[in-house]
Amino acid sequence: MQDVNHNEFNHEFLQISADYLKEQLSHLPVLLIICGSGFGGLADTLNDPIVINYEDIPGFPKSTVEGHAGKLIFGTLSGVSVACMKGRFHYFEGYSLQKITTPVRIMKLLGVKGLIITNAAGGINPKYKPGDLMVIKDHVNFFAFGGQNPLRGHNDLYFGDRFFSMNKAYDKELIDIAEGVAKEVGFSDNYHEGVYGFYGGPNYETIAEVNMLKVLGVDAVGMSTVPEVLVAKHCGMTIFGFSFITNCCIDSYDDAEEPNHINILNVVNMKSSKIQDFVIKFVERSREKWL
């Protein structure tokens with residue numbers, strides 16, 4: 001198990017990053033949006049954008065995955081002041097779970113109260129097909145079975161209590177709003193509420209693993225999201241998350257298909273404008289939750 005560098009995860013160290021960002025901004029965000037693979041175009045829809053490269057922010061990780069640009073965009077969306085991460089970080093890139101989630105704590109230090117988190121995921125549920133939208137109602141954190149957690153080690157009370165509940169991590173009121181918005185933007189026949197499973201990657205799941213996930217009640221699987229959600233919940237943020245289903249996970253040895261990252265990005269690109277419409281309308285409908 002990887003050792004934790006507590007000094008890079010406490011509020012004194014992260015305050016340096018927050019102070020740097022404050023110097024660049026004319027107004028502070030109240031909502032953080034983390035863009036999954038191929039979703040970076042959403043950041044380009046912000047009004048009055050201020051663009052900051054990850055590499056220029058003290059203590060900030062760097063994106064290394066195709067489809068993740070590595071830019072932090074500040075602006076307004078549907079009248080809400082937001083910070084949009086155009087590119088996220090993954091455990092398989094070599095980062096610790098703490099490093100992956102430091103942006104969430106930095107945003108908390110800027111005054112952010114809410115998180116919208118997105119991802120591209122493989123469909124486990126046989127009813128799901130590429131192009132579907134799954135709002136996350138719960139998750140299974142497979143890392144937790146091995147004792148790995150971004151909050152392992154010293155607890156910084158500045159952010160939250162050591163022990164906290166996860167049974168209401170994904171805000172029910174926001175999930176209800178999302179269902180109505182999905183109908184408005186044309187996702188009526190492609191909308192689901194389901195359970196997301198967090199796997200480490202970078203390989204895709206084996207056939208045996210896919211069938212195990214079905215038995216466990218997992219509807220979609222991916223390589224991100226849960227670490228950020230854990231830290232955001234610890235920070236007291238209101239959370240909404242969704243998965244865009246890019247492929248059907250292979251559950252039969254007779255199936256000749258193999259998932260690959262290029263095909264996944266192509267599926268996202270085909271529906272990117274529709275996903276952007278969903279998020280923009282969702283922020284508009286949920287505006288009072290963030291202000």
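First things first, this report covers the structure right here in the doc. (Residues numbered from 1 in each chain as written. Predicted model: local features only at pLDDT ≥ 70, side-chain atom pairs only at ≥ 80, totals over all residues. Heavy atoms only, no water.)

Scanning the chain for helices and strands turns up 7 helices and 9 strands. Within the chain, buried positions represent 55% of all 291 residues. Long-range pairs, those at least 24 residues apart, make up 84% of the contacts in the chain between residues at least 6 apart in sequence. Working note: accessible area of the chain is about 12400 Å², and carbon and sulfur atoms make up 49% of it. Across the chain, the centroid of the 25 positively charged side chains sits 6 Å from that of the 34 negatively charged ones. (Helix = DSSP H or I, 4+ residues; strand = E, 2+ residues; numbered from the N terminus. Buried < 20%, exposed > 50% of the residue type's maximum accessible area, 1.4 Å probe, protein only. Contact = heavy atoms within 4.5 Å. Areas by Shrake-Rupley, 256 points an atom, 1.4 Å probe, with all protein chains shown as cover. Lys, Arg positive; Asp, Glu negative; His and termini not counted. Charge placed at Lys NZ, Arg CZ, Asp CG, Glu CD.)

Each neighbour pair has its own omega, and for glycine 201 with proline 202 the value is 5°, a cis peptide bond. Here proline 202 shows up in the loop between β7 (191-198) and α4 (207-215). Of note in the backbone geometry, aspartate 48 takes a positive phi value of approximately 50° without being a glycine. As for its position among the elements, aspartate 48 is in strand β2 (residues 47-53). Exposure remark for aspartate 48: the relative accessible area of 61% places this residue in the exposed category.

Here we come to the pattern of salt bridges. For the structure on display, the rule yields 10 salt bridges. Measuring nitrogen to oxygen at the nearest pair gives 2.8 Å for the salt bridge that ties arginine 285 to glutamate 184. Here the residue arginine 285 occupies a position in helix α6 (residues 261-285), and glutamate 184 occupies one in helix α3 (residues 172-184), the gap between them amounting to 101 residues. Exposure remark for glutamate 184: the relative accessible area of 45% places this residue in the partly exposed category. Between aspartate 251 and lysine 214 there is a salt bridge whose closest N-O contact spans 2.3 Å. Of this pair, aspartate 251 sits in the loop between β9 (238-248) and α6 while lysine 214 sits in helix α4, and the two are 37 residues apart along the sequence. Its relative accessible area of 31% is what places aspartate 251 among the partly exposed residues. A cluster of three or more residues bridged by salt bridges with shared partners is formed by Asp171, Glu173 and Lys289. (Salt bridge = Lys/Arg side-chain N within 4 Å of Asp/Glu carboxyl O.)

So, on to a negative patch on the surface. A surface patch of like charges, here negative, comprises Asp254, Asp255, Glu257 and Glu258. Mapped onto the elements, glutamate 257 comes out in the loop between β9 and α6. By relative accessible area, which is 56% here, glutamate 257 ends up exposed. (Patch = residues over 30% accessible without salt bridge, like charges linked within 9 Å, V, L, I, M, F, W, Y side chains within 5 Å.)

Moving on, we get to the packing of helix α2 (residues 97-110) against helix α5 (residues 226-234). Taken N-terminus to C-terminus, the directions of α2 and α5 make an angle of 50°; their axes are 9 Å apart at the nearest point. Classed by the angle they form, the pair α2 and α5 counts as oblique. With respect to the hand of their crossing, α2 and α5 are arranged in right-handed fashion. Residue-level contacts link Leu97, Ile100, Thr101, Val104 and Arg105 of α2 to Pro227, Glu228, Val231, Ala232 and His234 of α5. Here the residues of the contact of α2 with α5 sort into 6 nonpolar, 2 polar and 2 charged. (Axes fitted to C-alpha atoms, helices over the stretch in contact; angles between N-to-C directions. Parallel < 35°, antiparallel > 145°, perpendicular 65-115°, else oblique. Left-handed = near helix turned anticlockwise from the far one by under 90°. Nonpolar A, V, L, I, M, F, W, Y, C, P; charged D, E, K, R; others polar.)

The next point concerns the pairing of strand β6 (residues 133-141). Within β6, 7 of the 9 residues are buried, which leaves the element mostly enclosed by the surrounding structure. Direction of pairing for β6 relative to β7: parallel, over a ladder of 8 bridges. Within the sheet, the bridge partner assigned to valine 140 lies in β7 and is glycine 197. As defined by bridge partners, β6 adjoins β9 across 3 bridges and the pair is classed as antiparallel. Note that in β9 the partner of leucine 133 across the bridge is phenylalanine 244. (Pairing = 2+ DSSP bridges.)

Counting residues in hydrophobic clusters, the biggest one holds 83 residues, and the most contacted among them are Met107 and Phe278. Not counting the four nearest positions on each side in its chain, phenylalanine 278 is found in contact with Leu133, Ala178, Val181, Ala182, Val185, Phe187, Phe240 and Phe242. Residues Val140, Val195, Val210 and Leu213 belong to the second largest nonpolar core, which totals 10 residues. (Core = buried A, V, L, I, M, F, W, Y, C linked by side-chain atoms within 4.5 Å.)

This part takes up α2. In α2, a bend of some 35° at proline 103 exceeds every other bend along the element. The buried count for α2 comes to 13 of 14 residues, which makes it a mostly enclosed element. Backbone geometry just downstream of α2 places glycine 111 in the positive-phi region, at approximately 105°. (Bend = angle between axes of the 7 residues up to and from the residue.)

The values reported here are purely geometric and, on their own, carry no functional implication.
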